[in-house]
Amino acid sequence: MSGGTPVIRRARTSDVRAIRALVAPLAERRVLVSKEAVTYFESLQEFRVADLDGRVVGCGALHVMWEDLAEIRTLAVAPDQLGTGLGGRLLEALVEDAREIGVERLFCLTFETDFFVRHGFEVIEGQAVPMDVYAELLRSYDEGVAEFLDLERVKPNTLGNTRMLRTL
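Quick caveat: nothing in here was measured; it's all calculated off a predicted structure. (Residues numbered from 1 in each chain as written. Predicted model: local features only at pLDDT ≥ 70, side-chain atom pairs only at ≥ 80, totals over all residues. Heavy atoms only, no water.)

Undergrad: Please give an account of the overall build of the protein chain that cites residues and values.
TA: Scanning the protein chain for helices and strands turns up six helices and seven strands. Secondary structure elements of the protein chain, listed N to C terminal, follow the sequence β-α-α-β-β-β-α-β-α-β-α-α-β. Compactness check: the protein chain gives a C-alpha radius of gyration of 16 Å against a globular reference of 15 Å for 168 residues, within 12% of the reference. Within the span of the protein chain, comprising 168 residues, buried residues form 49% of the whole. Total accessible area on the protein chain stands at roughly 9200 Å², and carbon and sulfur atoms take up 51% of it. When the 20 basic and 27 acidic side-chain charges of the protein chain are each reduced to a single mean position, those positions are 4 Å apart. (Helix = DSSP H or I, 4+ residues; strand = E, 2+ residues; numbered from the N terminus. Rg over C-alpha atoms; globule rule 2.2 N^0.38 Å. Buried < 20%, exposed > 50% of the residue type's maximum accessible area, 1.4 Å probe, protein only. Areas by Shrake-Rupley, 256 points an atom, 1.4 Å probe, with all protein chains shown as cover. Lys, Arg positive; Asp, Glu negative; His and termini not counted. Charge placed at Lys NZ, Arg CZ, Asp CG, Glu CD.)

Right under this line is the structure:
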């Protein structure tokens, strides 16, 4: 085992297998959503990974939903890295990405409310966007957008999760 510090970098196509391996046990416990490999390749440019001596030990994605709104997705850390602050480092790298592209608000759907509260997120109830934006977002095929909108059709998949928002 290395005593080094993981380096946070943009994900590469060669990381997809490792990202899926990180997510798999969390998806089995229904903490994260299981996705097909093709979905990871299609969204690869949204991902950052934590690399420790060539091993992916963490990941997270920033998915833009609207002009000023993005979702933090697929934030995961290897079991041997829990409690090291790596999750927070990954999240803050995604926050910086959001700032760089002009996003002002970040959404997440999570069981880890304490973690996200420590990083400036607040629980949201109801709608967090004006009705005209809501109407536009309804046109999206993305399940994360449906979760953000709190649509009835996704509720069975989100039981126990909390909708949270952070303003940058």
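Undergrad: Account for the sheet that holds strand β7 (residues 162-167), with residues named and values stated.
TA: Spatial strand order, β1-β2-β3-β4-β5-β7-β6: seven strands in an open sheet with mixed pairing. Pairing within the sheet leaves two strands with one partner each, and these edge strands are β1 (7-10) and β6 (122-123). Sheet analysis places β1 next to strand β2 (residues 47-52), joined by four bridges and oriented antiparallel. Paired with Arg10 across the bridge in β2 is Arg48. Strands β2, β3 (55-66) and β4 (69-77) of the sheet are contacted by helix α1 (residues 16-28), whose axis makes an angle of about 85° with β3. (Pairing = 2+ DSSP bridges. Contact = heavy atoms within 4.5 Å. Axes fitted to C-alpha atoms, helices over the stretch in contact; angles between N-to-C directions.)

Undergrad: Give a detailed account of the environment of Leu106, specifying residues and quantitative values.
TA: Within the secondary structure, Leu106 is located in strand β5 (residues 105-110). For the pair formed by Leu106 and Leu94, sequence separation is twelve residues and the distance between their alpha carbons is 9.8 Å. What Leu106 contacts, discounting residues up to four positions off in sequence, is Leu62, Ala70, Ile72, Val95, Ala98, Phe121, Met164, Leu165, Arg166 and Leu168.

Undergrad: Go over the pairing of β7 with me, naming the residues and quoting the values.
TA: Bridge count between β5 and β7: six bridges; the pairing is antiparallel. When the bridges of β7 are listed, Leu109 appears paired with Arg163. Across two bridges, β6 lies against β7 in antiparallel orientation. By the bridge assignment, Glu122 is partnered in β7 with Leu165.

Undergrad: Outline the pattern of salt bridges, listing residues and values.
TA: If you walk through the whole model with that rule in mind, you get twelve salt bridges. For Asp68, the salt bridge is made with Arg105, and the minimal N-O distance between the two is 3.5 Å. Of this pair, Asp68 sits in the loop between β3 and β4 while Arg105 sits in strand β5, and the two are 37 residues apart along the sequence. The structure contains a network of salt bridges with shared partners spanning Arg9, Asp15 and Asp51. (Salt bridge = Lys/Arg side-chain N within 4 Å of Asp/Glu carboxyl O.)

Undergrad: Would you mind going over the nonpolar core in detail, with residue names and values included?
TA: Counting 40 residues, the largest nonpolar core has Ile19, Cys59, Ile72, Leu91, Leu106, Phe116 and Phe121 as the members making the most contacts within it. Of all the secondary structure elements, the ones that give two or more residues to this core are α1, β2, β3, β4, α3 (86-101), β5 and α4 (113-118). Examining the composition of this core, we find that seven residues originate from one element, α3, more than from any other. The next biggest cluster of nonpolar side chains, apart from the first, holds 15 residues, and it includes Met65, Leu69, Val133 and Leu151. (Core = buried A, V, L, I, M, F, W, Y, C linked by side-chain atoms within 4.5 Å.)

Undergrad: Summarise unusual backbone geometry; cite the residues concerned and give the values.
TA: The phi dihedral of Arg30 falls on the positive side, at around 60°, and the residue is not glycine. Position of Arg30 among the secondary structure elements: in the loop between α1 and α2 (37-42). Non-glycine residue Thr74 carries a positive phi angle of around 50°. Along the chain, Thr74 turns up in strand β4.

Undergrad: Kindly report on the side chain of Asp15, identifying the contributing residues and their values.
TA: By the secondary structure assignment, Asp15 is in the loop between β1 and α1. Excluding residues that lie within four positions of it along the chain, Asp15 makes contacts with Arg9, Arg10, Val49 and Val56.

Undergrad: Just give me the short version of the packing of aromatic side chains, but keep the residues and values in it.
TA: For the structure on display, the rule yields four aromatic pairs. Pairing Tyr40 with Phe47 gives two aromatic rings, centres 5.9 Å apart and planes at 55°, and the pair type is tilted. Overall, the relative accessible area of 2% leaves Phe47 in the buried class. (Phe/Tyr/Trp six-rings, centres within 6.5 Å; stacked < 30°, edge-to-face > 60°.)

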